[in-house]
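Now for the letters of each chain:
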Amino acid sequence: MKTIASFLAYAAIALLLAALAGNSEAQRKAKPKDSMKLSPPVKVGRADIGGVVSGLNGPEAGVWVIAETTGLPTQYAKVVVTDDKGRYMIPGLPKAKYSLWVRGYGLVDSAKLPATPGKIVYLTAVPAPSPKEAAQYYPAQYWFSLLRVPETSEFPLGPVASQGQWLNTIKTGACQSCHALGTPGMRTVPKIFMEKGDSVEAWRERLKSGGAMALMARDIGRLDGERAIKLFAEWTDRIAAGELPFAQPERPKGIERNVVLTLWDWSQPTAYLHDAVSTDRRNPRVNAGGKVYGSPEDSTDYVPVLDPRRNSADEVFHPVRDPDTPSSKDNPFGPSAVWGPKPIWDSRTLNHNPMMDEKGRVWFTSRIRPNKNPDWCKSPEHPSAKAFPLAGEANRHLSMYDPKTGKWTLISTCFPTHHLNFARDADQTLWTSSGVVGPGVVGWLNRRLYEQTGDEAKAQGWTALVLDTNGNGKRDDYVEPDQPVDPAKDKRVAMALYAVNVSPSDGAVWGTVIGYPGAVVRIAPGADPASTALTEVYEAPAPIAFGPRGGDVDANGVYWVSLASGHLGSFDRRKCRVLNGPEATGKHCPEGWTLYAFPGPQLRDVRTPGSAEASYYVWVDWYGILGLGRNVPIAMGNLGDAIYALAEGRLLTFRLPYPSGLFPKNVDGRIDDPKAGWKGRALWTTSGTRTLFHNEGGKEMRHKAVKIQLRPDPLAR
């Protein structure tokens, strides 16, 4: 009897394991007629792969099917979502041999099956054997939300006045502007650091690791220091002991299933990318079907270039003007648990935030010389220097790459640059921000004048940020930032714009000021910006909402911004009852704000509304390129493996599930063929994390250039 019982038990276990394994042999032998009982078949063209995904209980809706190949000049993948009957359609694949598999919440990845275009392939989803295995596929936000946060009653803590200020620092105000807490490489502590002692000492050691150690030291100093390190250590200890996220992500539903993602490998595993550009922000038909360019910032001077027509990736070297330009290789460095004792970043240009002009040329904010400004930046002979001399330093300047000639143009600026955007004026004015800190100016390049004369000094200008506190509608003599408001004068504010955007409605320049509570800024340039520009400042409505990072302005002049409180915020100046005068110093228009909480859980110990999401930037779809209509704001889901689109009053979640931890920092949109419907237009982005090696694939994974399209339904070809 024991022998028979043992045999039966063994047989039952074997059957269960076979069902769970979803191995490639079982999937190859799955009969179409068996799956067709669950769902009708799909029709595929010669460049498509389609089929049905089935699970133990029937069709698997809202799961991803991934097709990937190394048979093209660069590694290529395409990702789609199944419909409510488990059907999928991967359209428009280049001719190659693919690996095909299923990923989804509640599942583990199925075995990879070989597939070629023109075929119907039936796939078997594999249920996660336990909640622990399922949670490994959750976005970083779900793990990050386990971090304990000091209660509001505990503040002030060291230099931190409030819980909101504390959250702003550990989210996009500092820590998670570079990478996501909650990825596999962050929620676990490398053994090499644990050798220093307990987990607290390990965390102290990991903060000194790599080429960003100076930034780590700066940002932990903004917190309550030792208390914060203990909270991080306790977080990873609990996860190591088996604690799992208390919330689970939902599978895509409705229109969220219509997304089609195409991914190409580009850049170097040791690099990181800030963002990418494919076209002119003002005219998305520029560079139709052409190459896409990335910005590797501190990591390398080799700019990645993707050719989506040929499915190939290359690099272009960004030069400097002065051989004495410093390098990020010389920054403070601590041994890395992944890369060892030597720096892996070596960039002199720090090239950042590319933008394309109407001729298809690519503009960067880049360092081209040592930081110290030349004397003419403070000379009264220059109109801007006469109004506001800049005697200090500029850590980035401007550069332009012309793909037609392969030549670089390097432009020295007195003002530091960080982000940039073109106006729609006759001068083709290029406006720039200074970044996290700066001398309290906004700068610009008169591109028309520069191209006519080649005189970089004559073509550039800058202005101080001056509020119209005397309320007469024009710029007058002003008091300084540390002086009280004088009813007879205006007032200068010492602020650094982070984002910079130009309103298509009236040409006003908008931007963000990071910090707590942070603010959005509007600048009306006037006839002679160096002496006529007037600034308006609108603080974020703390304590509910705070911490602006990136933003964009819509066609109506409404400004949209990502907030560290876990909100997409909009600011509509038209609602303001006060625009200038002695009260117009930042807190005077709370009625202009509208808030939308990002999807996903809030941090467990945070009682205010919002989300654990830490969104980096917002881009407004002026032309309806994604397919949701014109003027739709799209926010980055940096901890959610997603982009979020606000359509009809609600945030839609479009997941970027492979490779997990993608961390998109921004998007832009291009129309390749206006007559081709959804297939002729797309958004473009890239992996933006500084720590790609913390994510899926580890140090072997390369960065991805990502094309995002939205079709009418999940089976559209």
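Analysis parameters
- Residues numbered from 1 in each chain as written.
- Predicted model: local features only at pLDDT ≥ 70, side-chain atom pairs only at ≥ 80, totals over all residues.
- Heavy atoms only, no water.
- Helix = DSSP H or I, 4+ residues; strand = E, 2+ residues; numbered from the N terminus.
- Rg over C-alpha atoms; globule rule 2.2 N^0.38 Å.
- Buried < 20%, exposed > 50% of the residue type's maximum accessible area, 1.4 Å probe, protein only.
- Contact = heavy atoms within 4.5 Å.
- Areas by Shrake-Rupley, 256 points an atom, 1.4 Å probe, with all protein chains shown as cover.
- Lys, Arg positive; Asp, Glu negative; His and termini not counted.
- Charge placed at Lys NZ, Arg CZ, Asp CG, Glu CD.
- Pairing = 2+ DSSP bridges.
- Axes fitted to C-alpha atoms, helices over the stretch in contact; angles between N-to-C directions.
- Core = buried A, V, L, I, M, F, W, Y, C linked by side-chain atoms within 4.5 Å.
- Disulfide = S-S within 2.5 Å.
- Phe/Tyr/Trp six-rings, centres within 6.5 Å; stacked < 30°, edge-to-face > 60°.
- Lys NZ or Arg CZ within 6 Å of the ring centre and 35° of its normal.
- Polar contact = N/O pair within 3.5 Å; in protein donor to acceptor, adjacent residues only side chain to side chain.
- Arc of directions from axis to C-beta.
- Parallel < 35°, antiparallel > 145°, perpendicular 65-115°, else oblique.
- Left-handed = near helix turned anticlockwise from the far one by under 90°.
- Nonpolar A, V, L, I, M, F, W, Y, C, P; charged D, E, K, R; others polar.
- Salt bridge = Lys/Arg side-chain N within 4 Å of Asp/Glu carboxyl O.

Trainee: Hey, could you run me through the overall build of the protein in this one?
Mentor: Within the protein one finds 15 helices and 42 strands. For a compact globule of 717 residues, the expected C-alpha radius of gyration is about 27 Å, and the protein comes in at 26 Å, within 12% of that figure. With the C-alpha coordinates aligned to their principal axes, the bounding extent of the protein is approximately 100 × 60 × 50 Å. Within the span of the protein, comprising 717 residues, buried residues form 61% of the whole. Within the protein, counting contacts between residues at least 6 apart in sequence, those at least 24 apart form 63% of the total. Carbon and sulfur atoms form 53% of the exposed surface of the protein, whose accessible area is close to 27,500 Å². Across the protein, the mean location of the 86 positive side-chain charges is 7 Å away from that of the 74 negative side-chain charges.

Trainee: Is there a simple way to think about the sheet that holds strand β21 (residues 420-422) in this case?
Mentor: For sheets, the rule is that strands pair by backbone hydrogen bonds, running either parallel or antiparallel. Strand order in the open sheet formed by four strands is β21-β22-β23-β24, with antiparallel pairing between adjacent strands. Two strands bound the open sheet, and with one partner strand each, they are β21 and β24 (460-464). Averaged over all pairs of adjacent strands, the angle between their axes in this sheet comes to 25°, without regard to strand direction. Bridge count for strand β22 (residues 429-432) against strand β23 (residues 441-446) is four bridges, and the pairing is antiparallel. Bridging across to β23, W431 finds its partner in W444.

Trainee: What am I meant to see in the nonpolar core here?
Mentor: Across soluble globular proteins, nonpolar side chains show a tendency to be buried alongside one another. Judged by nonpolar contacts, the single largest core of 97 residues is most densely connected at W166, I170, L628, I634, F654, L683 and I708. Broken down by element, this core gets its largest block of residues, seven residues, from helix α11 (residues 226-240). Not counting residues up to four positions away in its chain, the partners in contact with L628 are I255, A645, A647, L652, F654 and L710.

Trainee: Which parts of the structure should I look at to understand unusual backbone geometry?
Mentor: Across residues other than glycine, the phi torsion is negative in most instances, and most of the peptide bonds are trans. The omega torsion across A542 and P543 is 10°, close enough to zero to call that bond cis. The topology assignment puts P543 in the loop between β31 (534-539) and β32 (548-553). With an omega dihedral of -15°, the bond running from Y658 to P659 counts as a cis peptide bond. In this structure, L350 is a non-glycine residue whose phi angle is positive, near 50°.

Trainee: Got a minute to help me understand the pairing of strand β6 (residues 98-103) in this structure?
Mentor: Successive residues of a regular strand alternate their side chains across the two faces of the sheet. Taken across its six residues, β6 has five buried, putting it largely inside the fold. Bridge count between strand β3 (residues 64-69) and β6: five bridges; the pairing is antiparallel. Note on β6: the bridge partner recorded for I66 is W101. Note that β6 and strand β8 (residues 113-115) share three bridges and pair antiparallel. Following the sheet pairing, Y98 is matched in β8 by A115.

Trainee: How should I be thinking about the sheet that holds strand β33 (residues 559-563) in this particular structure?
Mentor: Taken in spatial order, the four strands make up an open sheet running β32-β33-β34-β35, and their pairing is antiparallel. For this open sheet the edge positions go to β32 and β35 (593-597), each flanked by a neighbour on one side alone. Recorded for the sheet is a direction-independent mean angle of 20° between the axes of neighbouring strands. Alignment of strand β34 (residues 567-571) against β35, held across five bridges, turns out to be antiparallel. Within the sheet, the bridge partner assigned to L568 lies in β35 and is Y596.

Trainee: I would appreciate a short explanation of the state of the cysteines in the present structure.
Mentor: Here, the word disulfide means a covalent bond between the sulfur atoms of two cysteines. Under the definition given, this model contains two disulfides. Between C377 and C414 runs a disulfide, and the two sulfur atoms are separated by 1.9 Å. The sign of the S-S torsion, about -80°, decides the handedness of the disulfide formed by C377 and C414: left-handed. In this pair, C377 sits in the loop between β18 (362-366) and α12 (383-387) while C414 sits in the loop between β20 (407-411) and β21, placing the two residues 37 residues apart along the sequence. Like C414, C377 is buried. Two residues, C576 and C589, share a disulfide whose sulfurs are 2.1 Å apart. Linking C576 and C589, the disulfide has an S-S dihedral of approximately -100° and is accordingly described as left-handed. Taken as a pair, C576 in the loop between β34 and β35 and C589 in the loop between β34 and β35 lie far apart in primary sequence, 13 residues in all. With respect to burial, C576 and C589 carry one shared label: buried. Not part of a disulfide, C178 finds its nearest cysteine sulfur in C175, a span of 8.7 Å.

Trainee: What's the story with the packing of aromatic side chains in this structure? I'm lost.
Mentor: The geometry of an aromatic ring pair is captured by the separation of the ring centres together with the interplanar angle, meaning the angle of the planes. Scanning the entire structure with this criterion turns up 27 aromatic pairs. With centroids separated by 6.0 Å and ring planes inclined at 85°, the aromatic side chains of W363 and F422 adopt a geometry described as edge-to-face. On the criterion of sequence distance, the pair formed by W363 in strand β18 and F422 in strand β21 is long-range, its members being 59 residues apart. A relative accessible area of 1% places W363 in the buried class. Looking at F422, the relative accessible area reads 7%, which means it is buried. Taken together, W510, Y538, Y559, F571 and W593 form an aromatic cluster joined through their ring pairs. R187 extends its terminal NZ or CZ atom over the ring of W143, reaching a point 4.1 Å from the ring centre. Over the ring of Y616 we find K665, and its NZ or CZ is 4.8 Å from the ring centre.

Trainee: Which parts of the structure should I look at to understand the side chain of S299?
Mentor: You can see S299 is positioned in the loop between β14 (292-294) and β15 (302-307). Among the residues examined, S299 registers a relative accessible area of 3% and is labelled buried. Reaching out from S299, the side chain makes a polar contact with the backbone nitrogen of Y272 at a distance of 3.1 Å. Filtering out sequence-adjacent residues up to four positions away, S299 remains in contact with T270, A271, Y272, I344, W345, D346 and S347.

Trainee: Whenever I open this one, helix α9 (residues 199-206) confuses me. Can you help?
Mentor: Along an α-helix, residues three or four positions apart point the same way, because every turn accommodates 3.6 residues. The set of residues buried in α9 consists of S199, V200, A202, W203 and R206. Around the axis of α9, the buried residues are gathered within 160° of arc, so they sit on the same side. Tucked into the core, α9 has its buried residues touching α7 (184-187), α8 (191-194) and α11. Capping the start of α9, D198 holds a side-chain oxygen 3.2 Å from the backbone nitrogen of V200, two or three residues further along.

Trainee: Can you help me understand the packing of α9 against α11 in this one?
Mentor: Geometry of a packed helix pair, given as the angle between the helix axes and the separation of the axes. Here α9 crosses α11 at 110°, and the two axes come no closer than 8 Å. As summarised for this structure, α9 and α11 are arranged roughly perpendicular, according to the angle between their axes. The two elements α9 and α11 cross, and the hand of that crossing is right-handed. Contacts from S199, V200, W203 and R204 of α9 reach α11 at E226, I229, K230, F232, A233, W235, T236 and D237. Of the residues in the contact of α9 with α11, the class split is six nonpolar, two polar and four charged.

Trainee: Can you help me understand the pattern of salt bridges in this one?
Mentor: Side-chain pairs of opposite charge can arise where the charged atoms are in close proximity. Tallied over the full model, the rule gives 41 salt bridges. Among the salt bridges present, the one from R238 reaches E234, with a minimum N-O distance of 2.8 Å. Of this pair, R238 and E234 both sit in helix α11, four residues apart, which is roughly one turn of that helix. A relative accessible area of 13% means that R238 is categorised as buried.

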